[in-house]
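Chain residues, written in single-letter form:
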Amino acid sequence: MPRPDVPYASPVVPSAGPPEAAALKFLYLIALLGGLTAVAVIYLVMFDDLSESVLVDITPFWFFPIVFGLYGFTSQRLIGYLAQGRARTLAEAARVFIDVAGHWAALVMFPFLVLKWRSSLLVSLTAALFWAVLLWLFFAAVFPAL
């Protein structure tokens, strides 16, 4: 039996679950790089050849992959906090991140504050859908008035 006064001999606490597959990390990286590449091509190469309405129409094709990739990496990090025992829930892990990054981070961490899933894929898809709806509302309600 390990002695409690020896820190390196303390019992190992099992993680909350298996670490997420490297394939998901690769998927998030590909989505992020694909979205950033599309932004570079659209706005640095093709910008003068595209009308404003076409630029608006193709925004989801770069916006969704970027948001999906970023939220995928972020959700893996937060789920890692759960596995390490630094937080008990995804919302608690998001609050830890907000405490470190500042209160402005609550805006982008909003989906993590309400979702309870421990799957980065589900969380990142839902978060990307959330931002896609906000983008659609912006283009439908605010952009025409500009």
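Residues numbered from 1 in each chain as written. Predicted model: local features only at pLDDT ≥ 70, side-chain atom pairs only at ≥ 80, totals over all residues. Heavy atoms only, no water.

Colleague: I would appreciate a short explanation of the environment of Ala94 in the present structure.
Modeller: Residue placement: Ala94 occurs in helix H3 (residues 90–101). A relative accessible area of 0% places Ala94 in the buried class. Residues in contact with Ala94, not counting those within four places in the same chain, are Leu78, Met109, Phe112 and Leu113. (Helix = DSSP H or I, 4+ residues; strand = E, 2+ residues; numbered from the N terminus. Buried < 20%, exposed > 50% of the residue type's maximum accessible area, 1.4 Å probe, protein only. Contact = heavy atoms within 4.5 Å.)

Colleague: Whenever I open this one, helix H1 (residues 22–45) confuses me. Can you help?
Modeller: An α-helical turn contains 3.6 residues, so a residue and the one three or four places further along point in the same direction. Between its first and last C-alpha, H1 extends 33 Å over 24 residues, near the 34 Å set by a 1.5 Å rise per residue. What H1 keeps buried is the set Leu24, Tyr28, Ala31, Leu32, Gly35 and Ile42. (Expected span 1.5 Å × (residues − 1).)

Colleague: For this particular structure, what's the right way to read a nonpolar patch on the surface?
Modeller: A cluster of nonpolar side chains, Phe26, Leu29, Ile30, Leu33 and Leu36, forms an exposed patch at the surface whose accessible area comes to about 470 Å². Following the sequence through the fold, Leu36 ends up in helix H1. Relative accessible area serves as the criterion here: at 45%, Leu36 is assigned to the partly exposed category. (Patch = residues over 30% accessible without salt bridge, like charges linked within 9 Å, V, L, I, M, F, W, Y side chains within 5 Å. Areas by Shrake-Rupley, 256 points an atom, 1.4 Å probe, with all protein chains shown as cover. Salt bridge = Lys/Arg side-chain N within 4 Å of Asp/Glu carboxyl O.)

Colleague: Explain the packing of helix H2 (residues 52–84) against helix H4 (residues 106–114) here, please?
Modeller: Helix-helix packing is described using two parameters, namely the angle between the two axes and the distance between the axes. Relative to each other, H2 and H4 sit at 60 degrees, their axes nearing to 12 Å. Considered as vectors, H2 and H4 are oriented oblique to each other. As for the relative orientation of H2 and H4, their crossing is right-handed in sense. Contact residues: H2 offers Tyr71, Thr74, Ser75 and Leu78, while H4 offers Val108, Met109, Pro111 and Phe112. Of the residues assigned to the contact of H2 with H4, the class counts are six nonpolar, two polar and no charged. (Axes fitted to C-alpha atoms, helices over the stretch in contact; angles between N-to-C directions. Parallel < 35°, antiparallel > 145°, perpendicular 65-115°, else oblique. Left-handed = near helix turned anticlockwise from the far one by under 90°. Nonpolar A, V, L, I, M, F, W, Y, C, P; charged D, E, K, R; others polar.)

Colleague: I'm lost on the nonpolar core in this one. Help?
Modeller: Side chains of a nonpolar character, in soluble globular proteins, are inclined to be buried together. Membership of the largest hydrophobic core comes to 31 residues, with the highest contact counts inside it found for Phe63, Val67, Tyr71, Leu78, Leu90, Met109 and Phe112. Put simply, the parts of the chain that give this core at least two residues each are H1, H2, H3, H4 and helix H5 (120–142). The leading source of residues in this core is H2, at eleven residues. Ignoring anything within four residues of it in the chain, the contact list for Phe112 reads Tyr71, Thr74, Ser75, Leu78, Leu90, Ala91, Ala94 and Val123. (Core = buried A, V, L, I, M, F, W, Y, C linked by side-chain atoms within 4.5 Å.)

Colleague: What's the story with the confidence of the model for the protein chain in this structure? I'm lost.
Modeller: Detailed reading of predicted coordinates is not advised where the pLDDT is low. Put simply, the protein chain has an average pLDDT of 83, and 86% of its residues get 70 or more. Per-element averaging of pLDDT across the protein chain places H4 at the bottom with 81 and H1 at the top with 95. The low-confidence segment residues 8–17 (pLDDT under 50) makes six contacts with residues lying over four places distant or belonging to another chain. (pLDDT = per-residue confidence, 0-100.)

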